[in-house]
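Commentary on secondary and tertiary structure
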Amino acid sequence: MRKIITTRTFAIGLLLVGALGGIAGAQVDRSVTRARYINTGLFSVASDEGVSFHVTLDDHRGAPPAKIALRLIDQTGAVVVQEHAVLQPGQSTTLRSIEPGVYRAQARILDPLRRLSDRRSVVSTVEIFDVNLGFAAVRRFICAPPEVDPGNKIPQG
């Protein structure tokens, strides 16, 4: 006696295959990349201010790109705004917000596991600007510490 596969059974099977493929893809992505972080301390953004979080990948031409996740996190630990970018060596990206509050900035950098140049680094800065005068009217800078490799929590210097 032959069994007939219903549309519903077929659809459920496709969903399961897709889910397993997604999980396997995520595991492969984690196994071929390493994460590094840049974190600032807390800073305040007043009601007439905005914040720009700038991140740059510094490396020689031809080096592989890096995946960057930029976040502004409030004092409770909630991510308020985030953006993702893929940076080629020499490129920069900026995350902006005009919401007042107390924040810290974080960049999560995903690099390939293969050997990278000794020059490779990610640098960042935070600018607070007057929203009435625009991005060009920088009031103050909050500089970020160097990036940290999660396997080595204290930067070696």
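Below you will find a few notes about this structure.

What counts as what
- Numbering of residues begins from 1 in every chain and follows the order in which that chain's sequence is written.
- Reporting of local features is limited, given that this is a predicted model, to residues whose pLDDT is at least 70; pairs of side-chain atoms are given and counted only at 80 or more, and all residues count toward the totals for whole chains, interfaces and linings.
- The basis for every side-chain value is the complete set of heavy atoms in the structure, and neither hydrogens nor water enter the calculation.
- Secondary structure is summarised from DSSP: a helix means a run of H or I of at least four residues, a strand means a run of E of at least two, and numbering begins at the N terminus for each.
- Only protein chains enter the accessibility calculation, which uses a 1.4 Å probe; a residue is then buried when its area is under 20% of its type maximum, exposed when over 50%, and partly exposed in between.
- Contacts are assigned to residue pairs with any non-hydrogen atoms lying within 4.5 Å of each other.
- Methods summary: accessible areas were calculated by the Shrake-Rupley approach with a probe of 1.4 Å, and residue burial reflects only the protein chains presented.
- By convention a nonpolar core is built from buried Ala, Val, Leu, Ile, Met, Phe, Trp, Tyr and Cys residues, the set being connected through side-chain atoms within 4.5 Å.
- Counting of polar contacts relies on pairs of N or O atoms within 3.5 Å, with two restrictions inside protein: one atom must be capable of donating a hydrogen and the other of accepting it, and residues adjacent in sequence are counted only when both atoms are side-chain atoms.
- Whenever Lys or Arg places a side-chain nitrogen within 4 Å of a carboxyl oxygen from Asp or Glu, that contact is recorded as a salt bridge.

1. Description of the overall build of the chain
Along the chain, the regular secondary structure elements total one helix and nine strands. In sequence order, the secondary structure elements of the chain are arranged as α-β-β-β-β-β-β-β-β-β. Classification of the 157 residues of the chain by burial places 34% in the buried group. Put simply, 74% of the contacts in the chain that link residues at least 6 apart link residues at least 24 apart. For the chain, the computed accessible surface area is about 10000 Å², with 58% contributed by carbon and sulfur atoms.

2. Quick word on the nonpolar core
F43, F53, I68 and V126 are the most contacted members of the largest nonpolar core, which has 21 residues in total. For this core, the secondary structure elements donating two or more residues are β2 (43-45), β3 (49-58), β4 (66-74), β7 (101-112) and β8 (121-130). Aside from chain neighbours lying at most four places away, what touches V126 is T40, F43, V51, S52, F53, A105, R140, F141 and I142.

3. Considering the side chain of D130
Looking at the secondary structure, you find D130 in strand β8. Residue class for D130 comes out buried when judged on its relative accessible area of 10%. A polar side-chain atom of D130 sits 2.7 Å from the main-chain amide nitrogen of N132.

4. Structural notes on the pattern of salt bridges
When the charged atoms of two side chains with opposite charge come close together, those side chains can pair. Across all of its chains, the model carries four salt bridges by this definition. Its salt-bridge partner being D111, residue R36 comes within 2.1 Å of it at the nearest N-O pair. Placement of the pair is R36 in strand β1 (residues 33-39) and D111 in strand β7, with a sequence separation of 75 residues. For the residue pair R36 and D111, the accessibility class agrees, reading buried in each case. For R120, the salt bridge goes to D59, with nearest N and O atoms at 2.9 Å. Of this pair, R120 sits in the loop between β7 and β8 while D59 sits in the loop between β3 and β4; the two residues are 61 residues apart in sequence, bridging distant segments of the chain. Just as R120 is buried, D59 falls in that class too. Each of R36, D59, D111 and R120 takes part in salt bridges that share partners, so that together they form one network.

5. Notes on the environment of Q91
By the secondary structure assignment, Q91 is in the loop between β5 (79-87) and β6 (92-97). Classification of Q91 by relative accessible area gives partly exposed; the value is 37%. Considering only alpha carbons, one finds Q91 and L57, 34 residues apart in sequence, at a separation of 5.9 Å. Setting aside anything within four residues of it in sequence, one finds Q91 in contact with V55, T56, L57 and V86. At 2.8 Å, the side chain of Q91 and the backbone nitrogen of Q88 are in polar contact.

6. Description of the environment of R139
Looking at where R139 falls in the secondary structure, it is placed in strand β9 (residues 138-143). Taking the C-alpha atoms as reference, R139 lies 9.9 Å from G50; in sequence the two are 89 residues apart. Ignoring any residue separated from it by four or fewer positions in sequence, one finds R139 in contact with D48, E49, I128, F129 and D130.

7. Some thoughts on the environment of L70
When you line up the elements, L70 lands in strand β4. The exposure class assigned to L70 is buried, which follows from its relative accessible area of 0%. C-alpha separation for the pair L70 and E83, spaced 13 residues apart in sequence, amounts to 5.3 Å. If sequence neighbours within four positions are ignored, L70 has contacts with F53, V55, V81, Q82, E83, T93, L95 and Q106.

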